[in-house]
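# Structural overview
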Amino acid sequence: MKAALLKIWESRSPRDRVIIAVLAAVIGAALYFLLAQSAYRARTQLGSSLTVLRAQATRLNLDATELERVRALPAPPTAQTNLRTLVQARAEAAGLARALVRIDSPDANQVQVVFGAVAFAEWLAWVASLQAEHIRLDTSRVEALSTPGMASVTATFTRSRAQ
């Protein structure tokens, strides 16, 4: 193969050889320029990504520190208030008592509530407020009603246990 290329090269006139060599050098320089430009562009993009990733890593470290601090706190004492009474009071405070159809308490740490027609967003906010008081949503069944944003909800809440 080398001999065949050498034969083709030698068959060219000196003027053709100069033109081919110059064209090869120009093409090589253009390819090198394109490669260098692409590498520079990628380096710039990676530099900006690195800044974002460093910020995210710092935030994750802060979150991990906060999580360790919160886990080290003693578990909040469970309220001695009757769970049924507490849930009903929170429903009244949230303005959901008008939609409350039934509230049952099978035992001291469990309450089942049934809402006939309640605004779903209000119900979610109420559940979040109960969770802030260490009352967790155990099970729920939500059915959309024909009125937009309204739902029929059956839910069971339990008192959170200490970890």
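In what follows, the accompanying structure is described. (Residues numbered from 1 in each chain as written. Predicted model: local features only at pLDDT ≥ 70, side-chain atom pairs only at ≥ 80, totals over all residues. Heavy atoms only, no water.)

It is worth spelling out unusual backbone geometry at this point. Keep in mind that most residues, glycine aside, have a negative phi and that most peptide bonds are trans. At His-134, a position not held by glycine, the phi torsion is positive, near 65 degrees. For His-134, the position within the fold is in the loop between α4 (120–132) and β3 (135–144). Classification of His-134 by relative accessible area gives partly exposed; the value is 39%. (Helix = DSSP H or I, 4+ residues; strand = E, 2+ residues; numbered from the N terminus. Buried < 20%, exposed > 50% of the residue type's maximum accessible area, 1.4 Å probe, protein only.)

Applying the stated criterion to the full structure yields seven salt bridges. In this structure, Asp-104 engages Arg-102 in a salt bridge whose closest nitrogen and oxygen atoms are separated by 2.7 Å. (Salt bridge = Lys/Arg side-chain N within 4 Å of Asp/Glu carboxyl O.)

Right, let's talk about the pairing of β3 for a bit. With nine bridges joining them, β3 and strand β4 (residues 150–159) adopt antiparallel strand pairing. Looking at β4, one finds that Arg-136 is bridged to Thr-158. Between β3 and the antiparallel strand that follows it, β4, lie five residues; Gly-149 among them carries a positive phi value of about 85 degrees. (Pairing = 2+ DSSP bridges.)

What follows covers the nonpolar core. Counting 21 residues, the largest nonpolar core has Val-87, Val-113, Phe-115, Trp-123, Trp-126 and Phe-157 as the members making the most contacts within it. Setting aside its immediate chain neighbours within four residues, Trp-126 contacts Val-87, Arg-90, Ala-91, Ala-94, Leu-96, Val-113, Phe-115 and Phe-157. (Core = buried A, V, L, I, M, F, W, Y, C linked by side-chain atoms within 4.5 Å. Contact = heavy atoms within 4.5 Å.)

Our focus in this paragraph is the pairing of strand β2 (residues 110–119). Here strand β1 (residues 100–107) pairs with β2 via five bridges, running antiparallel. Within the sheet, the bridge partner assigned to Ile-103 lies in β2 and is Val-113. From the end of β1 to the start of β2, which pair antiparallel, there are two residues. Summarising the sheet, β2 and β4 pair through eight bridges and their orientation is antiparallel. Note that in β4 the partner of Val-114 across the bridge is Thr-154.

As a further point, take the packing of aromatic side chains. A full pass over the atoms with the stated rule returns three aromatic pairs. Where Trp-126 meets Phe-157, the ring centres are 5.4 Å apart and the plane angle is 80 degrees; that geometry is what we call edge-to-face. A residue pair is termed long-range when its members are at least 10 positions apart, and Trp-126 in helix α4 and Phe-157 in strand β4 qualify at 31 residues. Phe-157 sits in the buried class, given a relative accessible area of 0%. (Phe/Tyr/Trp six-rings, centres within 6.5 Å; stacked < 30°, edge-to-face > 60°.)

Quick look at the environment of Pro-106 now. Note that Pro-106 resides in strand β1. Residue Pro-106 is classed as exposed on the basis of its relative accessible area of 59%. Sequence-wise, Pro-106 and Arg-15 are 91 residues apart; in three dimensions their C-alpha atoms are separated by 102 Å.

It is worth spelling out the side chain of Thr-158 at this point. Along the polypeptide, Thr-158 turns up in strand β4. Since its relative accessible area comes to 7%, Thr-158 is described here as buried. Those residues in contact with Thr-158, other than ones at most four positions away along the chain, are Leu-83, Asn-109, Gln-110, His-134, Ile-135, Arg-136 and Asp-138.

Below, the discussion takes up helix α3 (residues 83–93). All of the buried residues along α3 are Leu-83, Leu-86, Val-87 and Ala-91. Angularly, the buried residues of α3 cover 135 degrees about the axis, an arc narrow enough to put them on a single face. Measuring from the side-chain oxygen of the N-cap residue of α3 to the backbone nitrogen of Arg-84 gives 2.9 Å; that N-cap residue is Asn-82. Looking at the residues trailing α3, positive phi occurs at Gly-95, about 80 degrees. (Arc of directions from axis to C-beta. Polar contact = N/O pair within 3.5 Å; in protein donor to acceptor, adjacent residues only side chain to side chain.)

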